[in-house]
Amino acid sequence: MIVPERTPRLRSARAVLRPFRPDDVDGRVRCGKDPEIIRMFGGSPEFTEPVPMPLEDATAWYEAVSTDSNPLHWAIEFEGGFIGTARLHGLDETDRRARFAIGLLDSRRLGIGLGTEVTQAVLRYGFDELGLHRIDLRVLAYNTRAIRCYLRCGFVEEGREREAAYVGGRWHDDVIMGVLEREASTL
């Protein structure tokens, strides 16, 4: 397995996965902060309606992602603008495995299949180009939209970590899902 030194560009039918760039700050501001999206990531926002993302927060976010040493951390671009991130992390070269994460941050882009497209593009890259054997993830059990996406992409539920996340004043399970290279051959 040879991990690239620079972030490779990937494509799905409608999205581009690419390195982060300075104008993503403006894209992150446009996405704003949606309490439902934050909740799906395990946050407990104190606001109930979407709010703007302050420029200072978006700039700090960009500083963090643009200095990430992981070359498998992508900005997701749709219709010319930033809408989220995807990454493979925790690479284990001996066991040929990695963990997947995706975050669509623009609530107007949810429910139209972009998560599935991006996930499939990353899986193809992970299995075909990196030679991974296994890709897994963790998702909050109440994030049914994401779980449906992962199931469509070939992931299977492998177990649960009971009451692993404290969100909104309650305990919630994490669902552990994985897909093997032989199971993803139809992507």
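Look up: the structure comes first, before these words.
Heads up: these notes are all about the structure in this document. (Residues numbered from 1 in each chain as written. Predicted model: local features only at pLDDT ≥ 70, side-chain atom pairs only at ≥ 80, totals over all residues. Heavy atoms only, no water.)

**Points about the sheet that holds strand S4 (residues 81-92)**
Strand pairing within a sheet occurs via backbone hydrogen bonds; the two strands may be parallel or antiparallel.
Move 1: Read from one edge of the open sheet, eight strands run S1-S2-S3-S4-S5-S6-S8-S7, paired in mixed fashion. In this open sheet, the two strands that pair with only one neighbour each are strand S1 (10-11) and strand S7 (156-167).
Move 2: Packing of helix H1 (residues 24-31) onto the sheet brings it into contact with strand S2 (15-18), strand S3 (73-78) and S4, and relative to S4 it is tilted by some 105°. (Pairing = 2+ DSSP bridges. Helix = DSSP H or I, 4+ residues; strand = E, 2+ residues; numbered from the N terminus. Contact = heavy atoms within 4.5 Å. Axes fitted to C-alpha atoms, helices over the stretch in contact; angles between N-to-C directions.)

**Notes on the environment of Ile176**
Move 1: Tracing the backbone shows Ile176 in strand S8 (residues 170-180).
Move 2: Judged by relative accessible area, which is 18%, Ile176 ranks as buried.
Move 3: Separated by 16 residues in sequence, Ile176 and Arg160 place their C-alpha atoms 5.7 Å apart.
Move 4: Residues contacting Ile176, with those up to four places away along its chain left out, are Leu137, Arg138, Val156, Glu157, Glu158 and Gly159. (Buried < 20%, exposed > 50% of the residue type's maximum accessible area, 1.4 Å probe, protein only.)

**A word on helix H4 (residues 114-129)**
Move 1: Helix length check: H4 (16 residues) gives 22 Å between terminal C-alpha atoms against 22 Å at 1.5 Å per residue, within 8%.
Move 2: For H4, the tally of buried residues reaches twelve of 16 residues, placing the bulk of the element in the interior.
Move 3: Every buried residue belonging to H4 is among Leu114, Gly115, Thr116, Glu117, Val118, Thr119, Ala121, Val122, Leu123, Tyr125, Gly126 and Phe127, and all of these are buried.
Move 4: Backbone geometry just after H4 places Gly131 at a positive phi near 75°. (Expected span 1.5 Å × (residues − 1).)

**Description of the packing of H1 against helix H3 (residues 55-66)**
Move 1: Relative to each other, H1 and H3 sit at 130°, their axes nearing to 9 Å. Classified by the interaxial angle, the pair formed by H1 and H3 is oblique. The interaxial crossing formed by H1 with H3 has right-handed handedness. Listed contacts from H3 to Asp24, Val25, Arg28 and Val29 of H1 are Leu55, Ala58, Thr59, Trp61 and Tyr62.
Move 2: Considered class by class, the residues forming the contact of H1 with H3 number six nonpolar, one polar and two charged. (Parallel < 35°, antiparallel > 145°, perpendicular 65-115°, else oblique. Left-handed = near helix turned anticlockwise from the far one by under 90°. Nonpolar A, V, L, I, M, F, W, Y, C, P; charged D, E, K, R; others polar.)

**Focus: the pattern of salt bridges**
Move 1: A complete count under the given rule lists 19 salt bridges for this structure.
Move 2: With a closest N to O distance of 2.5 Å, Glu77 and Arg18 form a salt bridge. One end of the pair, Glu77, is in strand S3; the other, Arg18, is in strand S2, with 59 residues separating them in the sequence.
Move 3: Its relative accessible area of 1% is what places Arg18 among the buried residues.
Move 4: Taken together, the shared-partner salt bridges connect Arg18, Arg21, Asp23, Asp24 and Glu77 into one network. (Salt bridge = Lys/Arg side-chain N within 4 Å of Asp/Glu carboxyl O.)

**Regarding the nonpolar core**
Move 1: Of all hydrophobic cores here, the largest spans 35 residues; its most connected members are Leu88 and Tyr150.
Move 2: Among the elements of the structure, S2, S3, S4, strand S5 (97-104), H4, strand S6 (134-140), helix H5 (144-152) and S8 are those that each provide at least two residues to this core.
Move 3: With six residues, the top contributor of residues to this core is H4.
Move 4: In contact with Leu88, not counting residues within four places along its chain, are Asn70, Leu72, Trp74, Ala98, Arg99, Phe100, Val122, Gly126, Leu130, Leu132 and Ile135.
Move 5: One finds Phe20, Cys31, Trp61 and Tyr62 within the second-largest nonpolar core, a separate group that totals twelve residues. (Core = buried A, V, L, I, M, F, W, Y, C linked by side-chain atoms within 4.5 Å.)

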